[in-house]
Amino acid sequence: MREFIVEADGGSRGNPGPAGYGAVVIDAESGETLAEAAEYIGVATNNVAEYKGLVAGLKAAHALDPAASVHVRMDSKLVVEQMSGRWKIKHPDMKPLAAEAARVLPGTRVTYEWIPREKNKHADRLANEAMDAGKRGEQWSPSASTAELDRPAAGASGAGTPAGPPGDAAAGAAKARAALAGASAGRGTGGAEAGFTASALGAAGAVAQGADVAKGADVRAARSVAASGGSGVSLGGTTTGGAAATAVPPVGWGASADLGAPATFVLLRHGETPLTPQKRFSGSGGSNPSLSDVGREQAVRVAAALAARGTVQAVVSSPLLRCQETARTVAARLGLDVHLEEGLRETDFGDWEGLTFAEVRERQPDALTAWLASPDVAPPGGESFAEVTTRVEAARERLLTAHAGRTVLLVTHVTPIKTLVRLALGAPPESLFRMELSAASLSAVAYYADGNASLRLLNDTAHLR
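Residues numbered from 1 in each chain as written. Predicted model: local features only at pLDDT ≥ 70, side-chain atom pairs only at ≥ 80, totals over all residues. Heavy atoms only, no water.

- Going by the annotation in an unreviewed UniProt entry, the name recorded for the chain is RNase H type-1 domain-containing protein, with Streptomyces alboflavus given as the source organism.

See the structure below:
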């Protein structure tokens, strides 16, 4: 069985702040660098970036050889201990990332080791290159990377002296070029590479999607696109879209047709209530207001717009009155029933229900500051955003199971919609405060069979004008 070493790192300049990750796959026997991956991921925390680096490294190793064993080395004690099963994963942002990492390879073939930061320079340099690229408004490019220069000589990284001879840069470059040349020779008319197989990747040290080829210092001329979420592999200037060795499926516009129809959640915020124009906290612990006259008219308009589209196949609603009223108006126009989902209710704002933001700031300034600073903090007597995320995720999974491949209208509230959008984008919790959602607005997220999600629409109010 082939053995790889994955070194991964992630960083955030601000925590949360502009963030990026880096990962490198090393042949455990020869000490050769086989693949690198790096990406600027926008605003995120250090821990999120670390986990994303781990996922990218594992996917790159899997693309090289799905049957290999992997030894992960990271300077994040949190990630190493959580993935080793010694620490519980409590934060809602970490759970899906840890689950994604665990799905890449069987747990019996992955081991974890904590290393000091100074022994993780290669991955650290990749992460910083990605963040530097993000600062310039770009994504990391393998052709400009010098991160491999920070890597210790083979056998000096703490992984032990390799059993075979150290990797030869010229030989590695030659093998990589040969792999690319062979793939180019097998290019078909449909954009797929007939000769670009998993075995060729493993033998020559090439990897498609999620990491670039990295065999010695001269291999950069023969690298593939290192888009760890990108849509293809660059071979002699031609981008391919569906090689058999692809391990990291593209998302959004690059998603492969063979995944089948996605489950699409059309997310409708309920119509206006008497509290909406006053911008008062209106959650699930207050008076449960009904729609205003304006809100009822909004429901009629959105119903007409959705009927014209003719794509909605089921209607699911929060149990709160304002959502049920909106949902029934739409469902009646579409000839569908309304099903209730408890997980889609709004946040319980506790003591703040019915108050304006200014009133809360005047009465409980310290509690408001703490709430704004952490998703784990709840309003007095209420519910934290972390708790909302947990139940919204659970509701999402139930609905995806029940409605695979269908288009479903979810009539819900500001926080559940923003949470579904945030999770689809992999955005940090503070992004909840950076989205605008109008009453009776439409958003949409598509969920693919490979676990990827794609945001298709956000805060559309054209039907109200």
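Resuming the write-up.
## Notes on the pairing of strand β3 (residues 33-44)
Phase 1 of the analysis: Here strand β2 (residues 17-27) runs beside β3; their pairing, made up of 10 bridges, is antiparallel. What sits directly across from Y21, in β3, is E39.
Phase 2 of the analysis: The turn joining β2 and β3, which pair antiparallel and follow one another in sequence, is formed by 5 residues; a positive phi near 80° is taken by G31. (Pairing = 2+ DSSP bridges. Helix = DSSP H or I, 4+ residues; strand = E, 2+ residues; numbered from the N terminus.)

## Section: the layout of surface pockets
Phase 1 of the analysis: Of the volumes computed, that of the second largest pocket is approximately 910 Å³.
Phase 2 of the analysis: Around the second largest pocket, the lining comprises 29 residues; the ones closest to its centre are R269, K279, R280, V414 and K418.
Phase 3 of the analysis: Counting residues per element, the ones that place at least two in the lining of the second largest pocket are α10 (365-373) and α12 (414-425).
Phase 4 of the analysis: For the lining of the second largest pocket, the element with the most residues is α12, which contributes 3 residues.
Phase 5 of the analysis: In terms of residue class, the lining of the second largest pocket is made up of 14 nonpolar, 8 polar and 7 charged. (1 Å grid on protein atoms, 1.4 Å probe; cavity = no way out; pocket = protein on both sides within 12 Å on 5 of 7 lines; lining within 4 Å. Points joined across faces, edges and corners; volume = space filled by probe spheres on them. Nonpolar A, V, L, I, M, F, W, Y, C, P; charged D, E, K, R; others polar.)

## Re unusual backbone geometry
A negative phi angle characterises most non-glycine residues, just as the trans form characterises most peptide bonds.
Phase 1 of the analysis: That bond from N15 to P16 is cis: its omega, 5°, falls within 30 degrees of zero.
Phase 2 of the analysis: As for its placement among the helices and strands, P16 is situated in the loop between β1 (3-12) and β2.
Phase 3 of the analysis: Although it is not a glycine, N288 sits at a positive phi angle of roughly 55°.
Phase 4 of the analysis: Examined against the element boundaries, N288 turns out to sit in the loop between β9 (263-269) and α7 (293-309).
Phase 5 of the analysis: If you check the backbone angles, N459 has positive phi at about 55° while not being a glycine.
Phase 6 of the analysis: Residue placement: N459 occurs in strand β14 (residues 453-460).

## Focus on the environment of P319
Phase 1 of the analysis: Within the element layout of this structure, P319 appears in the loop between β10 (314-317) and α8 (321-334).
Phase 2 of the analysis: We classify P319 as partly exposed; its relative accessible area is 23%.
Phase 3 of the analysis: Put simply, P319 and H339 are 20 residues apart on the chain and 9.0 Å apart in space, counted from C-alpha to C-alpha.
Phase 4 of the analysis: Look past the residues within four positions of P319 in its chain and what remains in contact with it is Q324, L340, E341, E342 and R345. (Buried < 20%, exposed > 50% of the residue type's maximum accessible area, 1.4 Å probe, protein only. Contact = heavy atoms within 4.5 Å.)

## Some words on the packing of aromatic side chains
Phase 1 of the analysis: According to the stated counting rule, one finds 9 aromatic pairs in the structure shown.
Phase 2 of the analysis: Aromatic pair F265 and Y447: ring centres 5.0 Å apart, planes at 55°, arrangement tilted. Within this pair, whereas F265 is found in strand β9, its partner Y447 is found in strand β13 (residues 442-447), the two being separated by 182 residues in sequence.
Phase 3 of the analysis: The exposure class assigned to F265 is buried, which follows from its relative accessible area of 1%.
Phase 4 of the analysis: Using a relative accessible area of 10% as the deciding quantity, one classes Y447 as buried.
Phase 5 of the analysis: Summarising the aromatic geometry, the rings of F349 and W371 are spaced 6.5 Å apart at their centres and angled 80° between planes, so their arrangement reads as edge-to-face. Pair noted here: F349 is in the loop between β11 (338-340) and α9 (357-363) and W371 is in helix α10, with a separation of 22 residues, a long-range link. (Phe/Tyr/Trp six-rings, centres within 6.5 Å; stacked < 30°, edge-to-face > 60°.)

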